[in-house]
Amino acid sequence: MRIGRTLTAAALLALGTSLAQAQDFKIGLQEDPDVLDPDQSRTFVGRIVYASLCDKLVDITPDLEIIPALATGWEWNADGTELTMTLREDVVFHDGTPFNAEAVAANIDRSKNLETSRRKSEVRSIESWEVVDEFTIKMALAAPDATLIAQFADRSGMMLSPTAFEAAGDDFGLAPVCAGPFRFVERIQQDRIVLEKFAEYYRADEINFDTVTFLPIPDTTVRLANLRAGDLHMLERLAATDVSSVEGDDGLQLERATSLGYQGMTINVGNGERAQNPLGQSNLVRQALSLSIDRAALNQVVFEGAFAPGNQPFSPASPWYNAEFPVPERDVEAAKALLAEAGHADGLTIEIQVANNPVQTQVMQVIQAMAGEAGITIELAAKEFATLLADQSAGDYTASQIGWSGRVDPDGNIHQFMTTGGGINDSKYSNPEMDTLLNEARLSTDPAVRKESYDAAVAIQQEDMPVIYLYHPVWIWALDDSVSGFQAYPDGMIRLHGVSQN
Amino acid sequence: MLGFLARRVLIAIPTIILISIFVFSLQKLLPGDPVLVMAGEERDPEVIAALREKYRLNDPLPMQYIAWAGNALQGDLGISLRTNQPVLELIGEKLPVTIQLAVMALIIAMLIGIPAGVLSAYKKGTWIDWLANLIALSGLSVPNFWLGIMLILLVSVKLGWLPASGYQPLSEDPLQSIRTMLMPAFVLGTAIAATLMRHTRSAMLSVLQSDYVRTARAKGLRERTVLVKHALRNALVPVVTVTTLLFGELLAGAVLTEQIFTIPGFGKLVVDAVFNRDYAVVQGIVLCTGIAFIFMNILADAAYRVLNPRMRDT
């Protein structure tokens, strides 16, 4: 009897301690992610969840250097058409399936051939692959592709359990099985995504939480209120206008990193009939519009100075930025002179479409006022995003205020927008010289050689301006003061290795 | 009563079909292309073509509708374009949440609105009447989103009494579930309480002047009995009508309230679905809401018959 009681007490005590130690880390997200299948998903916010769920072949450092992750090393053959990767030997997927070269092969096949894969364009250059031994894989490329390694630092490089995706097919995203620090527990759409620590993770000692819960809270004010009330430990994408309030709060801390993406104005220069207007036809008018904008003031007014003004596809903080073309000062007189040279001395009127959210609308209103002083009257067409995108893609627009979330490799931020027939070249801009430069930049794996090509491409872009770049968003994370070890990355991801909370 | 219910259900069927055709066509009229949104930032033409094929978006509209309706009849409302989750499963997940919110809001609205209406009718022209009117009017005019954010800042951030947002299923932790729903239900309830109060007041005013109330008073009944048993019971018939109509308003109000308090209900689901052009989800939700609304109206008709025996034989 007494032994029974003691045992019960001991069991209760053990339960009590384990409950006390179970640590849940709560992260507030700006949106609810889409399907949790790295091959099918398309949202930025989904990638934040993957950072805890699905490890990749390679990763990046905060300085954008590519470092080993599931792959321990890689080697190109002399002409850059063959990539050999060696893999870690101590990795298992969350369902116990061993990670090896066969698994990598199955993953490449899925990214390339799954009917609804959104990764096809990222791995298109891989023509065939061969399992050399259990932990070595060799990929053959049709032509050299320097961007491939960087693709493996994102969704294309996320390794999913072949056992799981063969069983689930398209429905893999309902219960994803990967090889990351946490395994999937449950998801209630628009409410929460819960992951629990994976004990057999190869870097398990760096993970300090038993579970991590992602809570989508779209309203920035409410998201911050939740952090202040202690219902969240950290949140992503703090509104720039809330920065000063968080800085003044002793219980909170801030982390930031300039993103790889940009916001700008995409101009229709050759996409159907609506390109037939002064802005679409004359690069002088586009240059004038760019010169009429005070980018620093824009940043002050709309983002309280928290973002980074820009004029190129790469941010001034990026190693790929062309320093010969610094962010221009506003020059209304020069803008007027350019307009006069283009034959519009009396000014002109253009229409620009913008997504109907308060921030982007404010950006365009500020630009509207600035351009007005240079003689460019802007009429704003506010549209809901899905409509804006459809019109832009169909060429039913003059200019469009839109952005890009950014990629690790410079190619991802310029090639598809500026090359003839590029997948998202909605400007339908075409310049053979630009095509040559951007295609050549893909061929070399030598950063110095590539930098030369991109510098030359940026010089042409500054002259032709099919896109007028405005600013680069800065990722701003707000964290409870009790959280330590968080490191800000320019890709906006939340990596929980080494993060702790007490 | 049974015959009446059967008749009403039969009439409801064509209504539901009409609603579904209407919503289906309306969605297709919306500008914007779901596949462009779904294809991701890169908008790979190969992916776009595959998605169009998969979701049968290349078929003519009537064919798309017939395919959808055929599946719906077999209980398959399709899958969400955004998350691949079956729509029926999503609805099953979200419906109880919004119903809980709506019921709690309705209870709060009735607890405030009906007594306030009775009191202000009974004390017509006095300061009590004015005060009740003033409160009712502020309930109506204060926007939901503002009241919601203010409440979060006061009750959760400053006082720390209730969680700022989120949701706990009733089945998992009833107490916590009610705690998380209290603020949103209050925000939603106050807006409705005002309407309820005004209607109760005017119904009570006219009933209080009727002959049978005078008779009841002449019989020497206690004022409380006169008010509650004789006057209120009759005054409630129009109030029930209004409450039913308010159910629609509750669902609409829930859209905004759920956004503010991040409650994973119908409202949030439908807003996200519309923005993402997630056709199957929008279609499924509207169908369910339509059915729920018709069902509520049938219930209201039945309630009249319970409250007022004179209506029973019609």
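Bear in mind the structure is a predicted one, so any value in this text is a computation, not a measurement.

A. Inspection of the overall build of chain A at higher detail. Each helix and strand counted, chain A has 16 helices and 21 strands in total. Expected size for 502 residues packed as a compact globule is a radius of gyration near 23 Å; at 25 Å, chain A falls within 12% of this value. C-alpha atoms of chain A, sized along the principal axes, occupy 100 × 55 × 35 Å. For chain A, the residues scored as buried account for 59% of the 502 residues in total. By sequence separation, contacts in chain A at least 24 residues apart represent 68% of the contacts at least 6 residues apart. Total accessible area on chain A stands at roughly 19000 Å², and carbon and sulfur atoms take up 50% of it. In chain A, 36 side chains carry a positive charge and 73 a negative one; their mean positions are 5 Å apart.

B. Broad picture of the overall build of chain B. Along its length, chain B carries 12 helices and 0 strands. Starting at the N terminus and ending at the C terminus, chain B contains elements arranged as α-α-α-α-α-α-α-α-α-α-α-α. Expressed as a percentage of its 314 residues, the buried residues of chain B come to 49%. Across chain B, the fraction of contacts at a sequence separation of at least 24, relative to all contacts at a separation of at least 6, is 72%. As presented, chain B carries roughly 15500 Å² of accessible surface, and 71% of it is formed by carbon and sulfur atoms. Averaging the coordinates of the 27 positive side-chain charges in chain B and doing the same for the 21 negative ones gives two points 18 Å apart.

C. Quick peek at the packing of aromatic side chains. One pass over the structure, following the stated rule, counts 15 aromatic pairs over all chains. The interplanar angle of 50° and the centroid separation of 4.9 Å between the aromatic rings of phenylalanine 303 of chain A and tyrosine 471 of chain A together place this pair among those described as tilted. With phenylalanine 303 of chain A in helix H10 (residues 295-303) and tyrosine 471 of chain A in strand S18 (residues 467-472), the pair connects residues that are 168 residues apart, well separated along the chain. Accessibility assignment for this pair places phenylalanine 303 of chain A and tyrosine 471 of chain A in one class, buried. Geometrically, the ring pair formed by phenylalanine 24 of chain B and tyrosine 65 of chain B is edge-to-face, given 5.3 Å between the ring centres and 70° between the ring planes. Placement of the pair is phenylalanine 24 of chain B in helix H1 (residues 2-29) and tyrosine 65 of chain B in helix H4 (residues 61-73), with a sequence separation of 41 residues. We classify phenylalanine 24 of chain B as buried; its relative accessible area is 11%. The exposure class assigned to tyrosine 65 of chain B is buried, which follows from its relative accessible area of 16%.

D. Here's a closer look at empty space enclosed by the protein. What the rule picks out here adds up to 5 cavities of 30 Å³ or more. Along the walls of the largest cavity sit Asp34, Val35, Gln40, Arg42 and Arg118 of chain A together with Met38, Leu51, Tyr55, Leu81, Arg82 and Asn84 of chain B, which together make up its complete lining. Taken together, the residues that form the lining of the largest cavity break down as 5 nonpolar, 2 polar and 4 charged.

E. Fine view of the interface of chain B and chain A. Taken together, the contacts link 44 residues of chain B with 48 residues of chain A. Here chain B meets chain A over a buried area of about 4000 Å², counting both sides, of which 50% is carbon and sulfur. The tally of links between chain B and chain A comes to 8 salt bridges. Among the ionic pairs, arginine 124 of chain A bridges to aspartate 44 of chain B, the shortest N-O distance being 2.9 Å. At the surface where chain B touches chain A, the tally comes to 21 residue pairs in polar contact (both at pLDDT 80 or more). Every element with two or more residues in the side of chain B that touches chain A is listed here: helix H2 (34-38), helix H3 (45-54), helix H5 (87-122), helix H7 (144-158), helix H10 (223-260) and helix H11 (266-275) of chain B.

F. Layout of the packing of H10 of chain B against H11 of chain B. All names here are of chain B. At a minimum axis separation of 7 Å, H10 and H11 run at an interaxial angle of 90°. The orientation of H10 relative to H11 falls into the category roughly perpendicular. Only Phe266, Gly267, Lys268, Val270, Val271 and Asp272 of H11 make contact with H10, whose side of the interface consists of Val255, Glu258 and Gln259. A class-by-class count of the residues in the contact of H10 with H11 yields 4 nonpolar, 2 polar and 3 charged.

G. Region of the structure containing the sheet that holds strand S4 (residues 71-76) of chain A. All names here are of chain A. With antiparallel pairing, the 4 strands of this open sheet are ordered in space as S4-S5-S7-S6. For this open sheet the edge positions go to S4 and strand S6 (126-133), each flanked by a neighbour on one side alone. Strand-to-strand, the axes of this sheet are offset by a mean angle of 20°, without reference to chain direction. Note: S4 against strand S5 (residues 82-87), 5 bridges, orientation antiparallel.

H. Spatial organisation of the sheet that holds strand S14 (residues 308-309) of chain A. Residue and element names in this part refer to chain A. Taken together, 6 strands build an open sheet; the order of strands is S14-S18-S13-S17-S15-S16 and the sheet is mixed. For this open sheet the edge positions go to S14 and strand S16 (376-383), each flanked by a neighbour on one side alone. Where S14 meets S18, 2 bridges bridge the pair, whose relative direction is antiparallel. Looking at S18, one finds that alanine 308 is bridged to histidine 472. Sheet contacts for H10: S14 and S18; angle to S18, the most-contacted strand, approximately 50°.

I. Structural view of the nonpolar core. Residue and element names in this part refer to chain A. Counting residues in each nonpolar core, the largest one holds 120 residues, and the members touching the most others are Leu238, Met265, Leu289, Ile367, Ile376 and Met418. The residues touching isoleucine 367, leaving out its near neighbours within four places in the chain, are Met265, Ile293, Leu298, Ile378 and Leu470. Counting residues in each nonpolar core, the second largest holds 77 residues, with Ala103, Ala106, Val177 and Ala179 among its members.

J. How the structure looks around a nonpolar patch on the surface. Residues and elements named next belong to chain B. A surface patch of nonpolar side chains, about 590 Å² in accessible area, is lined by Leu95, Ile99, Val103, Ile107, Leu111, Ile112 and Phe186. Examining the composition of the nonpolar patch, we find that 6 residues originate from one element, H5, more than from any other. Among the structural elements, leucine 95 can be located in helix H5. A relative accessible area of 33% means that leucine 95 is categorised as partly exposed.

K. Structural view of the state of the cysteines. All names here are of chain A. Applying the stated criterion across every chain yields a total of 1 disulfide over all chains. Disulfide pairing places cysteine 54 opposite cysteine 178 at an S-S distance of 2.1 Å. A torsion of 45° about the S-S bond marks the disulfide between cysteine 54 and cysteine 178 as right-handed. Of this pair, cysteine 54 sits in the loop between helix H2 (44-53) and strand S2 (58-60) while cysteine 178 sits in the loop between helix H5 (162-168) and strand S8 (182-188); the two residues are 124 residues apart in sequence, bridging distant segments of the chain. Residues cysteine 54 and cysteine 178 agree in their burial class; the two are buried.

L. Summary view of the packing of H11 of chain B against helix H12 (residues 279-307) of chain B. Residues and elements named next belong to chain B. Viewed as axis vectors pointing N to C, H11 and H12 meet at an angle of 140°, and their least axial separation amounts to 9 Å. When the axes of H11 and H12 are compared, the crossing they make is left-handed. Contacts between H11 and H12 involve Phe266, Leu269, Val270, Ala273 and Val274 on the former and, on the latter, Val281, Val282, Ile285, Cys288 and Thr289. Classifying every residue of the contact of H11 with H12 by side-chain character gives 9 nonpolar, 1 polar and no charged.

M. Main features of the confidence of the model for chain B. Of the residues in chain B, 99% reach a pLDDT of 70 or more, and the chain-wide mean stands at 84. Reported confidences for the modelled complex are a pTM of 0.86 and an ipTM of 0.77.

N. Quick peek at the layout of surface pockets. All names here are of chain A. Taken as a whole, the second largest pocket encloses approximately 690 Å³ of empty space. Looking at the second largest pocket, it is lined by 33 residues, and the ones nearest its centre are Ser121, Glu122, Gln151, Asp411 and Arg442. Contributing elements (two or more residues each) for the lining of the second largest pocket: helix H4 (148-151), helix H14 (411-418) and helix H15 (432-443). If one sorts the elements of the lining of the second largest pocket by residue count, H14 sits on top with 4 residues. A per-class count over the lining of the second largest pocket returns 7 nonpolar, 13 polar and 13 charged.

Conventions adopted
- Residues numbered from 1 in each chain as written.
- Chains lettered and ligands numbered in written order.
- Predicted model: local features only at pLDDT ≥ 70, side-chain atom pairs only at ≥ 80, totals over all residues.
- Heavy atoms only, no water.
- Helix = DSSP H or I, 4+ residues; strand = E, 2+ residues; numbered from the N terminus.
- Rg over C-alpha atoms; globule rule 2.2 N^0.38 Å.
- Buried < 20%, exposed > 50% of the residue type's maximum accessible area, 1.4 Å probe, protein only.
- Contact = heavy atoms within 4.5 Å.
- Areas by Shrake-Rupley, 256 points an atom, 1.4 Å probe, with all protein chains shown as cover.
- Lys, Arg positive; Asp, Glu negative; His and termini not counted.
- Charge placed at Lys NZ, Arg CZ, Asp CG, Glu CD.
- Phe/Tyr/Trp six-rings, centres within 6.5 Å; stacked < 30°, edge-to-face > 60°.
- 1 Å grid on protein atoms, 1.4 Å probe; cavity = no way out; pocket = protein on both sides within 12 Å on 5 of 7 lines; lining within 4 Å.
- Points joined across faces, edges and corners; volume = space filled by probe spheres on them.
- Nonpolar A, V, L, I, M, F, W, Y, C, P; charged D, E, K, R; others polar.
- Buried area = accessible area lost by both parts, 1.4 Å probe.
- Salt bridge = Lys/Arg side-chain N within 4 Å of Asp/Glu carboxyl O.
- Polar contact = N/O pair within 3.5 Å; in protein donor to acceptor, adjacent residues only side chain to side chain.
- Axes fitted to C-alpha atoms, helices over the stretch in contact; angles between N-to-C directions.
- Parallel < 35°, antiparallel > 145°, perpendicular 65-115°, else oblique.
- Pairing = 2+ DSSP bridges.
- Core = buried A, V, L, I, M, F, W, Y, C linked by side-chain atoms within 4.5 Å.
- Patch = residues over 30% accessible without salt bridge, like charges linked within 9 Å, V, L, I, M, F, W, Y side chains within 5 Å.
- Disulfide = S-S within 2.5 Å.
- Left-handed = near helix turned anticlockwise from the far one by under 90°.
- pLDDT = per-residue confidence, 0-100.

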